[in-house]
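# A structural walkthrough
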Amino acid sequence: MKVLRTPIVAVLGHVDHGKTTLLDRIRRSNVTAREAGGITQHIGATEIPLSAIKEICKDIWNVNVVIPGLLFIDTPGHKAFTNLRRRGGALADLAILIVDINEGFKPQTEEALMILKTFKTPFIVAANKIDKIPGWQSNEGMPFMKSYAMQDEVVRQRLDNRIYELIGELYQRGFSADRFDRIRDFTRNVAIVPISALTGEGIPELLMLLVGLAQRYLEKSLRLHVEGKARGTVLEVKEEKGLGLTFDAILYDGTLRVGDRIAIGGVEGVIVTHVRGILRPRPAKEMRLESRFKSVESVTAAAGIKVVAPDIEGVLAGSEFEVVESDEDIKAFEQRIKQEYQEIAIETDEEGVVIKTDTLGSLEALINEFRELGIPIKKADVGDITKKDVVEASANRDELNRVIIGFNVKLLPGVEEEAAKYGVRIFTDQIIYSLIDNFTQWRDEEKR
Ligand code: GTP
Ligand code: MG
Ligand code: NA
């Protein structure tokens, strides 16, 4: 049986162009304010039910829709997280490419566009922060066309000029684009919707177009129908009171049921276990911050879920999981995972620093940044900092390499004392750029 599943919409764009703020506006939350350093450093997931979308679009709603809602994937715009943008892009059925209308195209806008091109993902451009156009009079939550009509002629001209610039940028990269209200054929042209994530202007049209796009262009395609096998991506492994270890995931295909046997990528190879429980966040809640989950017997893609399962100590955040029924299934999965790790290519040097992070995504990001800086890496792993890490770091000949870099991880008991004893320096931070800055600054000073 073919069941129409919830489309996955990735939000991509340059750092601080307003991705999280847009989602905050749609789900009426304030996730942005709780982010370390004001930047997104992980993939997020939020399911928005159709009823909530209808409510936002109520003034202009004119479509007949059968999709259950939209699953929004938030991605980081900071340059270090190319891998997470790629992953978000790869997961997505549709995307919103967000561009600050006052800044125009930036390096990660460009990169995001290339990702969408690679995966042939249909997308809409959201030209954000129109409220910052000099002279703009904001109208809370209003459709763009209505608010636009209320602006002074000179202000409308300013906005039009910036839209033309965006059209030019997109044209140079092989996309024919126009402001959404001037488009007849949405299969040939990319729609640009001017919005303000802060005031909500233009968001009704943005959501209407998204829903329309999902409906018209993807309904018939296989991508939006639920296939047999349940598959997903692990976002994070977490200890939950009363449940033990659990993992947060995005289920992007199939139906997952309690009792299903699953294979997951782990630190020491593939882990095979079974689903003991499935928990769902409330609608319109960002997965990463939800505290009140609802227990369910089964869940159909796409969805953000928390999975309770035994023996998942070694599960790698950022890896894949899928339902397995036979030994062949497990072998095939192992093959696929192996290939993925080879792509990450954690090739280590004999002499170099030790890197520990909270997820595979941040590990890849740090490895790439360090390679770019020409800093050797001896060991790079997901997990908290252990005494063993200290011993490995201390075995370096060069003092500049007797270092452990920890991103969003804890020091296990005794590590601090051990590090002091062996003369190992530990740098930890929750913000990727400060972590890199602090380390390189120390290194430059030591070199002198
Ligand atoms: P990263 O995830 O770190 O790449 O950033 P982001 O794209 O999620 O941007 P974020 O939502 O963190 O917004 C960055 C800053 O821009 C915040 O201070 C927001 O309040 C502000 N901002 C976002 N959208 C708007 C908007 O429409 N108008 C105005 N005036 N400010 C906005
Ligand atoms: Mg963000
Ligand atoms: Na930000």
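None of these values were measured; they are calculated from a predicted model.

With that settled, the discussion passes to the overall build of the protein chain. The helix and strand inventory of the protein chain stands at twelve helices and 21 strands. Against the 2.2 N^0.38 benchmark of 22 Å for 448 residues, the protein chain shows a C-alpha radius of gyration of 23 Å, consistent with a compact globule. Across its three principal directions, the C-alpha atoms of the protein chain cover 70 × 60 × 40 Å. Burial analysis of the protein chain (448 residues in total) assigns 47% to the buried set.

Okay, the site of ligand 1 next. Neighbouring residues of ligand 1: 22 residues in total, closest Gly18, Thr20, Thr21, Thr40 and Gly77. A class-by-class count of the residues in the shell around ligand 1 yields five nonpolar, twelve polar and five charged.

Among the six residues of strand β11 (residues 261–266), five are classified as buried, and the element is accordingly described as predominantly covered. Pairing geometry for β11 and strand β12 (residues 269–274), over six bridges, is antiparallel. Residue glycine 266 lies in a different strand from β12, and its bridge partner there is glycine 269. Once β11 ends, the chain turns through two residues before running back antiparallel as β12.

What follows concerns helix α4 (residues 107–119). The end-to-end C-alpha separation of α4 is 19 Å, in line with the 18 Å expected for 13 residues at 1.5 Å each. Of the residues making up α4, those classed as buried are Gln108, Thr109, Ala112, Leu113, Ile115 and Leu116. Looking straight down α4, one finds that the buried residues subtend no more than 155° of arc, so they occupy a single side. Along α4, exposed side chains directed more than 90 degrees from the buried face belong to Pro107 and Thr118. In the core, the buried residues of α4 are packed alongside β1 (8–13), α3 (82–91), β4 (94–100) and β5 (123–128). Just downstream of α4, lysine 120 is the residue with a positive phi angle, here 55°.

All right, on to the environment of alanine 80 then. Looking at the element boundaries, alanine 80 is found in the loop between β3 (69–74) and α3. Look past the residues within four positions of alanine 80 in its chain and what remains in contact with it is Ala365, Glu369 and Ile432.

Running from N to C, α3 and α4 point in directions that differ by 35°, and their axes come no closer than 9 Å. α4 is crossed by α3, and the crossing has right-handed handedness. Packed against α3, whose contacting residues are Thr82, Arg85, Arg86, Gly89 and Ala90, the element α4 presents Glu111, Ala112, Ile115, Leu116 and Phe119 at the interface. Each residue belonging to the contact of α3 with α4 can be placed in one class, and the counts come to five nonpolar, two polar and three charged.

At a minimum axis separation of 9 Å, helix α10 (residues 387–394) and helix α11 (residues 415–422) run at an interaxial angle of 15°. Classified by the angle their axes make, α10 and α11 are roughly parallel. Judged by the twist between their axes, the crossing of α10 over α11 is right-handed. Contact with α10, carried on its side by Lys387, Val390 and Ser394, involves Val415, Glu418, Ala419 and Tyr422 of α11 and no other residues of that element.

So, about the pairing of β1. Within β1, six of the six residues are buried, leaving the element largely enclosed by the surrounding structure. Where burial is concerned, the two faces of β1 agree: the one with Ile8, Ala10 and Leu12 and the one with Val9, Val11 and Gly13 are both buried. Relative to β3, β1 runs parallel, the two being bridged by four bridges. Considered in β3, the bridge of alanine 10 is made with isoleucine 73. Bridge analysis of β1 against β4 gives five bridges, and the strand direction is parallel. Bridging from a neighbouring strand, valine 11 pairs with isoleucine 96 of β4.

Quick look at the sheet that holds strand β18 (residues 353–357) now. The strand order across the open sheet built from four strands is β19-β18-β20-β21, with neighbouring strands paired in parallel fashion. The open sheet terminates on both sides in strands that have one partner only, identified here as β19 (377–382) and β21 (425–429). Mean inter-strand twist for the sheet, computed between neighbouring axes without regard to direction, equals 15°. Relative to β21, strand β20 (residues 403–407) runs parallel, the two being bridged by five bridges. The residue bridging glycine 406 from the neighbouring strand is threonine 428, located in β21.

In terms of burial, α3 is largely enclosed, as eight of its ten residues are buried. Within α3, burial applies to Asn83, Leu84, Arg85, Arg86, Arg87, Gly88, Gly89 and Leu91.

Residues of the protein chain with pLDDT of at least 70 account for 95%, and the chain-wide mean is 92. Under the prediction, the complex receives an ipTM of 1.00, its pTM being 0.91.

As a further point, take the sheet that holds β11. Reading across the sheet, the eight strands line up as β12-β11-β17-β8-β9-β16-β13-β14 and stay open at both edges, with antiparallel pairing between neighbours. Each having just a single partner strand, β12 and β14 (294–296) make up the two edges of the open sheet. In this sheet, adjacent strand axes meet at a mean angle of 35° when their direction is disregarded. Note: strand β9 (residues 244–253) against strand β16 (residues 303–308), six bridges, orientation antiparallel.

What follows covers unusual backbone geometry. Backbone torsion omega between alanine 301 and alanine 302 reads -10°, so that peptide bond is classified as cis. Relative to the elements of secondary structure, alanine 302 occurs in the loop between β15 (298–300) and β16. In this structure, aspartate 16 takes a positive phi of about 65° despite not being glycine. Mapped onto the fold, aspartate 16 is located in the loop between β1 and α1 (19–27). Take aspartate 16: there are 18 C-beta atoms within 10 Å of it, and that puts it in the partly exposed class. Of note, asparagine 408 is a non-glycine position whose phi angle comes to about 55°, a positive value. In this structure, asparagine 408 sits in the loop between β20 and α11.

Parameters at a glance
- Residues numbered from 1 in each chain as written.
- Chains lettered and ligands numbered in written order.
- Predicted model: local features only at pLDDT ≥ 70, side-chain atom pairs only at ≥ 80, totals over all residues.
- Helix = DSSP H or I, 4+ residues; strand = E, 2+ residues; numbered from the N terminus.
- Rg over C-alpha atoms; globule rule 2.2 N^0.38 Å.
- Buried ≥ 20, exposed ≤ 12 C-beta atoms within 10 Å, placed from the backbone.
- Near = placed C-beta within 6 Å.
- Nonpolar A, V, L, I, M, F, W, Y, C, P; charged D, E, K, R; others polar.
- Pairing = 2+ DSSP bridges.
- Expected span 1.5 Å × (residues − 1).
- Arc of directions from axis to C-beta.
- Contact = placed C-beta atoms within 7 Å.
- Axes fitted to C-alpha atoms, helices over the stretch in contact; angles between N-to-C directions.
- Left-handed = near helix turned anticlockwise from the far one by under 90°.
- Parallel < 35°, antiparallel > 145°, perpendicular 65-115°, else oblique.
- pLDDT = per-residue confidence, 0-100.

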